Amino acid sequence: PQVFFPGWFFAKKIIIFDLAEVYLTGMKDFEYVLEKIIKIPASSIKKQLKDIALIDLFHGKISEEDYWKRMISRNKWNVDIDLLKKLIRKNFKEIEGTRDLIKRLKNKEYKLGLLSVHAKEWIEYCEKKFDYHKLFDSVLYSFDASALKNGKVIFELILEKLDAKPEQCIFIDDVQGNLDIAKSLGIDTIIFKNSDQLEKELKLLDI
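Residues numbered from 1 in each chain as written. Predicted model: local features only at pLDDT ≥ 70, side-chain atom pairs only at ≥ 80, totals over all residues. Heavy atoms only, no water.

So, the sheet that holds strand β4 (residues 111–116)
Consider a sheet: its strands pair through backbone hydrogen bonds, and that pairing is either parallel or antiparallel.
Reasoning step 1: Read from one edge of the open sheet, five strands run β5-β4-β1-β6-β7, paired in parallel fashion. Each of the sheet's edge strands pairs with one partner strand only, and the pair in question is β5 (138–141) and β7 (188–191). If you compare each strand with its neighbour and ignore which way they point, the axes differ by 20 degrees on average.
Reasoning step 2: Bridge count between strand β1 (residues 14–17) and β4: four bridges; the pairing is parallel. (Pairing = 2+ DSSP bridges. Helix = DSSP H or I, 4+ residues; strand = E, 2+ residues; numbered from the N terminus. Axes fitted to C-alpha atoms, helices over the stretch in contact; angles between N-to-C directions.)

Describing the side chain of Arg89
Reasoning step 1: Here Arg89 lies in helix α5 (residues 81–91).
Reasoning step 2: For Arg89, a relative accessible area of 17% puts it in the buried group.
Reasoning step 3: Polar contacts involving the side chain of Arg89 include one to the main-chain carbonyl oxygen of Lys85, which spans 3.1 Å.
Reasoning step 4: Apart from the residues within four sequence positions on either side, Arg89 is in contact with Glu64, Glu121, Trp122 and Tyr125. (Buried < 20%, exposed > 50% of the residue type's maximum accessible area, 1.4 Å probe, protein only. Polar contact = N/O pair within 3.5 Å; in protein donor to acceptor, adjacent residues only side chain to side chain. Contact = heavy atoms within 4.5 Å.)

Section: the pattern of salt bridges
In a structure, side chains of opposite charge can pair up when their charged atoms sit close to one another.
Reasoning step 1: Counted according to the given criterion, the structure contains 11 salt bridges.
Reasoning step 2: In this structure, the salt-bridge partner of Glu65 is Lys85, at a minimum N-O distance of 2.4 Å. Of the two residues, Glu65 sits in helix α4 (residues 64–75) while Lys85 sits in helix α5, which places them 20 residues apart along the sequence.
Reasoning step 3: A salt bridge links Lys149 to Asp173; the shortest N-O distance between them is 2.8 Å. (Salt bridge = Lys/Arg side-chain N within 4 Å of Asp/Glu carboxyl O.)

Remarks on the packing of aromatic side chains
Reasoning step 1: Evaluated as defined, the whole model comprises eight aromatic pairs.
Reasoning step 2: Pairing Tyr67 with Trp68 gives two aromatic rings, centres 4.9 Å apart and planes at 55 degrees, and the pair type is tilted.
Reasoning step 3: Here Tyr67 falls in the buried class, since its relative accessible area comes to 1%.
Reasoning step 4: For Trp68, a relative accessible area of 1% gives the class buried. (Phe/Tyr/Trp six-rings, centres within 6.5 Å; stacked < 30°, edge-to-face > 60°.)

Worth remembering: the numbers are spatial, not functional.
Structure follows, in structure tokens:
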């Protein structure tokens, strides 16, 4: 008969990645792009971009068009919506090394998930341009879940999609608060700084 060693069933074979600032960059530091256009200090723009409308956008309650309309109206920006759409898309770029690391994990037959707080229209653009979503076994976005990472719901949903138990999973994100929520469910976590650092930390876990 086959012998199962304690803990074997819960071997960590499932790795869940964040998207923004782990695989893709683009929203971070976008205020510096706008500073040149709107002629307002980047620090002020950063605060304005984090308006409650951004939460509604990430929840899928409003469209990108509505979000930019609110930004222009509330902050009296002198800028065209089409230009804002063009600039944010131009700003999305892959973070060096992450795709290669994900591909190597996939080749080693680790089950991979993607859990992202993002806007539907930006994701539609990024999936088409970077084609990253096909690297993952399951993908879940905040606008589909109607939830952010500040609560347990979205984590429970990705576990369900992956048919996984928390003990089997590692979650990688660049925001400590998100990692804390995952930890509260029993998911192991790694904070992302860069792809080299992530690879070293995974190796420490024999991954």
